[in-house]
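Results of the structural survey
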Amino acid sequence: MNPLPPTPDPLLLPVRDPRARDLVLDYADMHALVADLVLPGGASMYVTSAMETSRELIRHSYYRYEFATVAVTHSLFALEHVLAERLAMNEPLHDLIERAIDAGLITAGLAAELDRSRLLRDRLAQGAESSAALRPIRAVAMVRAVFDAVSLLLRPPPAAEGTAADVGGTQPEGPEGGLARPWEDHLHAPFPDGFRGVDFDGVDLVLLDADVAGLVQRELKGGLDDSGIAHLWGCIADLDKIVPLINEEYCASYFTKLRTMAQAAAVRYIPRAT
């Protein structure tokens, strides 16, 4: 007989990691931090498990700060699996991301954010970074990019989708009609060269691009909840702020079109006059 060692007495309950003291007031506030990390429909059990675990790791970084970084690296399991299935090939994650851009499955801006997560994973494996590399807020943004990418990749191929226009060439009524064409155009528009990692007035261009893309995609799939609507209006405000500051023609055009698309997604959430 080999009994388990006795449990220490008294049993210690988890306490807040002191490095999280400026993040939220208490653990209950961590729920709001991850509220928009919504699991996509149609995912396999493996992908769902990896994504859900990533979300919960961020939630529990309240107790262990390093969980935030682990959440990002763990989410890449789901991303790599879905990419390999959608593209029907088994290649390194960097190559899969590049092929997804070429196939028009994800935007270049979203791909850049995914590649940041991949590079972080590689630096951790090489010992160049520690598991405390990310603040939980930054981890949320990076995991959100994976959630958005997986949702996009799980969409039916274009051949299986209905056309956006009717026989007369007009767009169908409703938010999807005004968004379908700009969304498809955005998927094929390359992110401006030289502007990855650039911010204007504190707004990171890659993150803003990825956030708007994710919100538009959620609007097309059924609509935004209250937190998503608030996030969308925040993105529009950021676009209003940064577009006049961009002095490169293609980049200014790219983000002007992004703002137009974001406004189209927000149309039905504008209060109607009575």
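Let me sum up the structure you'll find in this document. Everything numeric in this text was worked out from a predicted model, so none of it was measured. Position numbers for residues start from 1 in each chain and track the written sequence from start to end. Local features are withheld for residues below a pLDDT of 70 in this predicted model, meaning they are given only at 70 or higher, and side-chain atom pairs are given and counted only at 80 or more; totals for whole chains, interfaces and linings count all residues. Values reported for side chains reflect all heavy atoms of the structure, with hydrogen atoms and water molecules removed beforehand.

1. Some remarks on the overall build of the protein chain
Condition: What counts as a helix is a DSSP run of H or I of at least four residues, what counts as a strand is a run of E of at least two, and both are numbered from the N terminus. Buried residues are those whose accessible area, probed at 1.4 Å on protein chains only, stays under 20% of the maximum for their type, while exposed residues exceed 50% and partly exposed ones sit between those limits. The contact criterion used throughout is that any non-hydrogen atoms of two residues lie within 4.5 Å. Residue exposure ignores everything except the shown protein chains as possible cover, and the areas themselves are Shrake-Rupley values with a 1.4 Å probe.
Summing up its helical and strand segments, the protein chain has 10 helices and 2 strands in all. Secondary structure of the protein chain in N-to-C order comes out as α-α-α-α-α-α-α-β-β-α-α-α. Every one of the 274 residues in the protein chain was classed for burial, and the buried ones make up 44%. Counting contacts in the protein chain only where the partners sit at least 6 residues apart, residues at least 24 apart contribute 72% of the total. Carbon and sulfur atoms make up 56% of the accessible area of the protein chain, which totals about 14500 Å².

2. Here's the deal with the packing of aromatic side chains
Here is the rule we go by: Within 6.5 Å between ring centres, the rings of Phe, Tyr and Trp (the latter by its six-membered ring) count as paired, and their orientation is classed by plane angle as stacked under 30 degrees, edge-to-face over 60, tilted in between.
In this structure the tally under the stated criterion is 7 aromatic pairs. Aromatic side chains Tyr-62 and Tyr-63 sit 5.0 Å apart centroid to centroid with 85 degrees between the ring planes, which places their arrangement in the edge-to-face category. One aromatic cluster in this structure is built from Phe-191, Tyr-250, Tyr-254 and Phe-255.

3. With respect to the nonpolar core
What counts is decided by this rule: To form a nonpolar core, buried Ala, Val, Leu, Ile, Met, Phe, Trp, Tyr and Cys residues must be joined to one another through side-chain atoms within 4.5 Å.
Residues Ile-106, Ile-242 and Phe-255 are the most contacted members of the largest nonpolar core, which totals 81 residues. Tallying contributions element by element places helix 6 (residues 136-153) first for this core, with 11 residues. Leave out the neighbours within four places in its chain, and Ile-242 touches Phe-200, Val-203, Leu-205, Leu-208 and Phe-255.

4. Here we look at the packing of helix 3 (residues 67-87) against helix 4 (residues 93-102)
For clarity, the cut-off: Angles run from 0 to 180 degrees between N-to-C directions of axes, and those axes are lines fitted to C-alpha atoms, restricted for helices to the stretch in contact. If an angle is under 35 degrees, it is roughly parallel; if it is over 145, roughly antiparallel; if it lies from 65 to 115, roughly perpendicular; otherwise it is oblique. Helix crossings are classified by the rotation of the near helix relative to the far one: an anticlockwise turn of less than a right angle makes the crossing left-handed, while a clockwise turn makes it right-handed. Three residue categories are used. Nonpolar comprises Ala, Val, Leu, Ile, Met, Phe, Trp, Tyr, Cys and Pro, charged comprises Asp, Glu, Lys and Arg, and polar comprises the others, including Gly.
For the pair helix 3 and helix 4, interaxial distance at closest approach is 10 Å and the crossing angle is 55 degrees. The angle between helix 3 and helix 4 places the two elements in the oblique class. Pair helix 3 / helix 4 crosses with left-handed handedness. Seen from helix 3, the contacting residues are Leu-76, Leu-79, Glu-80, Leu-83, Ala-84 and Leu-87; seen from helix 4, they are Leu-93, Leu-96, Ile-97, Arg-99 and Ala-100. Split by residue class, the contact of helix 3 with helix 4 holds 9 nonpolar, no polar and 2 charged.

5. Observations regarding the pattern of salt bridges
This is how the line gets drawn: The salt bridge definition used is simple: a Lys or Arg side-chain nitrogen within 4 Å of an Asp or Glu carboxyl oxygen.
Tallying each qualifying case throughout the model produces 20 salt bridges. Linking Arg-123 and Glu-129 is a salt bridge whose minimum nitrogen-to-oxygen distance equals 3.5 Å. One network of salt bridges, in which partners are shared, links Glu-80, Asp-115, Arg-118, Arg-121 and Asp-122.

6. Let's talk about the packing of helix 2 (residues 45-59) against helix 3
Running from amino to carboxyl end, helix 2 crosses helix 3 at an angle of 165 degrees, the nearest separation of the two axes being 8 Å. Comparing the axis directions of helix 2 and helix 3 gives the class roughly antiparallel. You can see that helix 2 and helix 3 cross each other, and the crossing is left-handed. Taken together, the residues of helix 3 that come into contact with helix 2 (itself represented by Tyr-46, Val-47, Ala-50, Met-51, Thr-53, Ser-54, Leu-57 and Ile-58) are Phe-67, Ala-68, Val-70, Ala-71, His-74, Ser-75, Phe-77, Ala-78, His-81 and Val-82.

7. As for the side chain of Asp-115
Position of Asp-115 among the secondary structure elements: in helix 5 (residues 108-125). Ignoring sequence-local partners within four residues, the contact set of Asp-115 consists of His-94 and Ile-97.

8. Here's the deal with unusual backbone geometry
One non-glycine residue, Ala-88, adopts positive backbone phi at about 55 degrees. Taking the relative accessible area as the measure of exposure, Ala-88 reaches 70% and is therefore exposed. You will see that Asp-201, though not glycine, has its phi angle at about 55 degrees, which is positive. Structurally, the position occupied by Asp-201 is in the loop between strand 1 (199-200) and strand 2 (203-204).

9. Quick look at helix 5
Rule in force here: One less than the residue count of a helix, multiplied by 1.5 Å, gives the span that helix is expected to have. We define a polar contact as two N or O atoms separated by no more than 3.5 Å, with the added condition that, inside protein, one atom must be a possible hydrogen donor and the other a possible acceptor, whereas residues neighbouring each other in sequence contribute only through side-chain atom pairs.
With 18 residues, helix 5 extends 26 Å from end C-alpha to end C-alpha; this agrees with the ideal 26 Å at 1.5 Å per step. Those residues of helix 5 lying buried are Ala-108, Gly-109, Leu-110, Ala-111, Ala-112, Glu-113, Leu-114, Asp-115, Ser-117, Arg-118 and Leu-120. Against the buried residues of helix 5 lie helix 3, helix 4, helix 6, helix 8 (205-220) and helix 10 (249-266). The N-cap of helix 5, judged by a side-chain oxygen 3.0 Å from the amide nitrogen of Leu-110 a few residues on, is Thr-107. Gly-127 sits one or two residues past helix 5 and shows a positive phi near 80 degrees.

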